[in-house]
Amino acid sequence: MTAELQEQKKYTYLPGTCLCRFLYIKRTGSVAGVKAGSRVGSHHRQGRVNVVDKLLEILYEIRPEVDFINSSDLVENRLLDSLDIVVLVSDIEEAFAISIDVTDIVPENFYSLETIIRLIERRGGQI
Amino acid sequence: MNLQYRGKKITGILAVVPQNEVKFDDEVENYNFSVKQSMKLKKIMGYDRHRIVTEGTCVSDLAIFGLKYLLDEGLLHKDEIDALVLVTQTPDYYMPPTSNIIQGKLDLKQDMVCLDVKQGCAGYLVGLMQAFSLLEQDTINKVALVNGDVLSRKTSPQDRNTFPLIGDGAAVTIVEKDPDSSQIFTNIKMDGTRRNALIIPAGGLKVPSTPDTAAMVLDEEGNSRCLDHWFMDGMAVFNFVVNEVPPMINNLMEFSGVGLEDVDYFMFHQPNKFMLQRLADKMDVSYDKMPYNIVENFGNSSGATIPTNIAFNLGDKLLNDSYLTCLAGFGVGLTASSMLMRTGPLDFCKMVEY
């Protein structure tokens, strides 16, 4: 395996993989509210991890080709179009038993994985 | 901008839809997306079946069919029509006006006004405003307002953002003077800074159609279309609607002195089920007061959706009773408009197939 491939593998989230482990490996930047290098394996943030896992599962079903972990400005960069957002909102509402207000359906709330998680949390979403 | 009208009313509505019905299930393979995702959209957006004209059919064909039906049925007489207002984005020609073509083919009287108005999703309200203004004249007593579009001819069948939701259609609305009718309140907002959110980029004089503009291109989102096709920035339109429409309706209620709870029906333009349900939730209006079933049954025919909505959902009711109705149209321009009026009893309110 080349160094480049190894590097890519480190940053590729595989659905079903524990996100704590992924975030611990990543160690760079702040992903899903977890500070770089912080030890999250203790599962103190298990609720949030479950939310992130479920959200990623939903997102990959909508756009399997997109690297949602490392991408941002999802709408402006056309990684999600308006119909993807429609499906996403519907799936999120069903998965997390929440209601997303129509005024929340704006590009800012779908800017990145992080902002979508914040939206779910604001609306009381949990698994 | 707030506007009000006195002494005018709608006396009849006829919606015209093409016979040709196409099912979403049969089109799913045209789109560059998984069938599973498309089926989810079907449920959420209300995509089911839509009416599409056969090749070569123009908006004048639908309009003439509707007007001729009314003439043949004795619901309208040629000499009564003092003005013909056609609202469309898909005219037969650059010149002459399509309303003149309709007048000529139906052999209507020459002592009348023919007028083309280029408007889309808010075109029913803009057309009504035009009809009300014409009726201010002593010599104009009856206006035939025609809303119609054949948008399928300018839409890519491989564009998931647009093709599943559109439908072709037209509607004839007869508007007359009535000194006893209630006051009509309306408001309208134009935002040309967001003009590119709904646009057919080529085919006008700015970008004439060429073989290059007809070349299909796959965009980043997976849709194929060319510059001669209609383009929609779905997110921009959605944000425009959810941010502008609820306060616009509140302003209309304040302007008219009527409470939201006093309105019998909210007969809105029909962009899709998702948007209308969200709008109803936001406005705290029950779904049975705000029908959202036109896209799933016929498709979104732009300016013709409101009269189609009225004919399909309230057709029989409006023959005998009157209801306080709030109309709203929003879309291309971008434009948003709403109107509060007492509607009915009407001389006719029905649908026919072309």
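Looking only at helices and strands, chain B features nine helices and 17 strands. In terms of C-alpha radius of gyration, chain B reaches 19 Å, essentially the compact-globule figure of 20 Å for 354 residues. Overall size of chain B, expressed as C-alpha extent along the three principal axes, is 55 × 45 × 35 Å. Counting the 354 residues in chain B, one finds 60% classified as buried. For chain B, the accessible surface area stands at approximately 14,300 Å², while carbon and sulfur atoms represent 49% of it.

Let us now look at the interface of chain B and chain A. Between chain B and chain A, the residue contacts involve 22 residues of the former and 23 residues of the latter. Roughly 2,200 Å² is buried in total at the junction of chain B and chain A, and carbon and sulfur atoms are behind 59% of that figure. Summed over the three residues of chain B that lose the most area to chain A, namely Glu221(B), Met235(B) and Arg278(B), the buried surface amounts to 29% of that side. Run the count over chain B and chain A and you get eight salt bridges. With its nearest N and O atoms 2.7 Å apart, the salt bridge here joins Asp91(A) to Lys40(B). Across the chain B-chain A interface, the total number found is ten residue pairs in polar contact (both at pLDDT 80 or more). Looking at the side of chain B that touches chain A, the elements with two or more residues in it are α1 (35–46), α5 (234–256) and α6 (273–283) of chain B. The class makeup of the residues in the side of chain B that touches chain A is ten nonpolar, five polar and seven charged.

This brings us to the environment of Ile184(B). All names here are of chain B. Checked against the element boundaries, Ile184 lands in strand β9 (residues 184–190). Between the C-alpha atoms of Ile184 and Leu205, which are 21 residues apart in sequence, the distance is 38 Å. The residues touching Ile184, leaving out its near neighbours within four places in the chain, are Leu3, Gln4, Tyr5, Lys8, Phe132, Met339, Leu340 and Met341.

There is a patch of nonpolar side chains on the surface, built from Tyr94(B), Met95(B) and Leu205(B) and spanning about 480 Å² of accessible area. Mapped onto the secondary structure, Met95(B) falls in the loop between β5 (83–87) and α3 (98–105).

Time to look at the layout of surface pockets. Considered as a void within the structure, the second largest pocket measures approximately 410 Å³ in volume. Taken together, 18 residues make up the lining of the second largest pocket; nearest its centre are Ser90(A), Glu93(A), Phe274(B), Gln277(B) and Arg278(B). Of all the secondary structure elements, the ones that give two or more residues to the lining of the second largest pocket are α4 (82–96) of chain A together with α1 and α6 of chain B. Ranked by residues supplied to the lining of the second largest pocket, first place goes to α6(B) with six residues. Among the residues making up the lining of the second largest pocket, the classes are represented as five nonpolar, three polar and ten charged.

What follows concerns the pairing of β5(B). Residue and element names in this part refer to chain B. Among the five residues that make up β5, five are buried, leaving the element largely enclosed by the rest of the structure. Taking every second residue as pointing to the same face, both faces of β5 are buried, with Ala83, Val85 and Val87 on one and Leu84 and Leu86 on the other. Summarising the sheet, β5 and strand β6 (residues 113–117) pair through five bridges and their orientation is parallel. Each residue of the ladder has a partner; that of Leu84, found in β6, is Cys114. With α3 bridging β5 and its parallel neighbour β6, the resulting β-α-β unit is right-handed.

A separate point is the sheet that holds β9(B). Residue and element names in this part refer to chain B. The sheet built from five strands is open, its strands ordered β1-β9-β16-β15-β14 with mixed pairing. Strands with a single pairing partner mark the edges of an open sheet, and in this sheet they are β1 (2–5) and β14 (265–268). Pairs of neighbouring strands in the sheet enclose a mean axial angle of 20°, with direction left out of account. Across four bridges, β1 lies against β9 in antiparallel orientation. Within β9, the position partnered with Gln4 by the bridge is Phe185. Along the sheet, helix α8 (residues 305–314) contacts β14 and β15 (323–331); its crossing angle with β14, the most-contacted strand, is approximately 135°.

Residue and element names in this part refer to chain B. Read across the sheet, six strands follow the order β6-β5-β7-β8-β2-β17 without closing on themselves; strand pairing throughout is mixed. Either end of the sheet is taken by a strand with one partner, and the two such strands are β6 and β17 (348–353). The average angle at which neighbouring strand axes cross in this sheet is 15°, direction not considered. Across eight bridges, the pairing between strand β7 (residues 142–149) and strand β8 (residues 169–177) is antiparallel. Considered in β8, the bridge of Ala144 is made with Ile174.

Take the packing of aromatic side chains next. Residue and element names in this part refer to chain B. Tallied over the entire structure, the rule returns twelve aromatic pairs over all chains. Residues Phe266 and Phe268 carry aromatic rings whose centres are separated by 6.1 Å and whose planes lie at 85° to one another, so their mutual orientation is edge-to-face. The exposure class of Phe268 is buried, given its relative accessible area of 0%. Among the aromatic side chains, those forming a connected cluster through ring pairs are Phe24, Tyr31 and Tyr47.

Turning our attention to the nonpolar core. One finds Leu88(A) and Phe268(B) to be the most contacted residues of the largest nonpolar core, which totals 80 residues. At eleven residues, α5(B) tops the list of elements feeding residues into this core. Setting aside its immediate chain neighbours within four residues, Leu88(A) contacts Leu55(A), Ile58(A), Leu59(A), Ile62(A), Leu80(A), Phe110(A) and Ile116(A).

Okay, the confidence of the model for chain A next. Residue and element names in this part refer to chain A. Confidence in the prediction for chain A averages 73 pLDDT; 60% of positions are at 70 or higher. In this model, residues 4–18 is a region of pLDDT below 50 whose contacts with residues beyond four sequence positions or in other chains number 19 contacts. Ignoring residues within four places in sequence, the model shows residues 23–44, a span with pLDDT below 50, making 35 contacts including any to other chains.

Analysis parameters
- Note that residues are indexed from 1 along each chain, following the sequence as it is written.
- All chains are assigned letters beginning with A, and all ligands numbers beginning with 1, in the order in which they are written.
- Per-residue local features of the predicted model are confined to residues with pLDDT of at least 70, and side-chain atom pairs are confined, for both listing and counting, to 80 or more; whole-chain, interface and lining totals are unaffected and use all residues.
- Note that the side-chain values use all heavy atoms of the structure and ignore hydrogens as well as water.
- Helix and strand definitions here come from DSSP, where helices need a minimum of 4 consecutive H or I residues and strands a minimum of 2 consecutive E residues; each element is numbered from the N-terminal end.
- In this treatment the radius of gyration is a C-alpha quantity, and the globule benchmark scales as 2.2 Å times the residue count to the 0.38 power.
- Any residue under 20% of the maximum accessible area for its type is buried, any over 50% is exposed, and the rest in between are partly exposed; the area is computed with a 1.4 Å probe on protein chains only.
- Working definition of accessibility: Shrake-Rupley area with a 1.4 Å probe, residue cover restricted to the visible protein chains.
- Should any heavy atoms of two residues lie within 4.5 Å, those residues are counted as being in contact.
- Using a 1.4 Å probe, buried area is obtained as the accessible area two parts lose upon being combined, added over both of them.
- Here a salt bridge means any side-chain nitrogen of Lys or Arg lying within 4 Å of a carboxyl oxygen belonging to Asp or Glu.
- N or O atoms within 3.5 Å of each other form a polar contact, as long as, within protein, one can give a hydrogen and the other can take it, and as long as residues adjacent in sequence are counted only when both atoms are side-chain atoms.
- Residues are grouped as follows: nonpolar covers Ala, Val, Leu, Ile, Met, Phe, Trp, Tyr, Cys and Pro; charged covers Asp, Glu, Lys and Arg; every other residue, Gly included, is treated as polar.
- Here, patches come from residues exposed beyond 30% relative accessible area and free of salt bridges, joined within 9 Å for like charges and within 5 Å for nonpolar side chains (Val, Leu, Ile, Met, Phe, Trp, Tyr).
- Using a 1 Å grid laid over the protein atoms alone, points where a 1.4 Å probe fits but cannot get out form a cavity; open sets with protein on both sides within 12 Å along at least 5 of 7 lines form a pocket; any residue with an atom within 4 Å of a point counts as lining.
- Grid points are joined across faces, edges and corners, and a volume is the space filled by probe spheres set on the points.
- Each pair of strands is called paired provided DSSP finds at least two bridges between the two strands.
- Call a crossover right-handed when, viewed with both strands pointing away from you, the route from the first strand across the helix to the second goes clockwise.
- Axes here refer to lines fitted to C-alpha atoms; in helices the fit is confined to the stretch in contact. Angles between the N-to-C directions go from 0 to 180 degrees.
- Working definition: rings of Phe, Tyr and Trp (its six-membered ring) pair if their centres are within 6.5 Å, and the pair is stacked with planes under 30 degrees apart, edge-to-face with planes over 60 apart, and tilted otherwise.
- Nonpolar core, defined: a set of buried Ala, Val, Leu, Ile, Met, Phe, Trp, Tyr and Cys residues in which side-chain atoms within 4.5 Å join the residues together.
- Residue-level confidence of the predictor is summarised by pLDDT, bounded by 0 at the bottom and 100 at the top.

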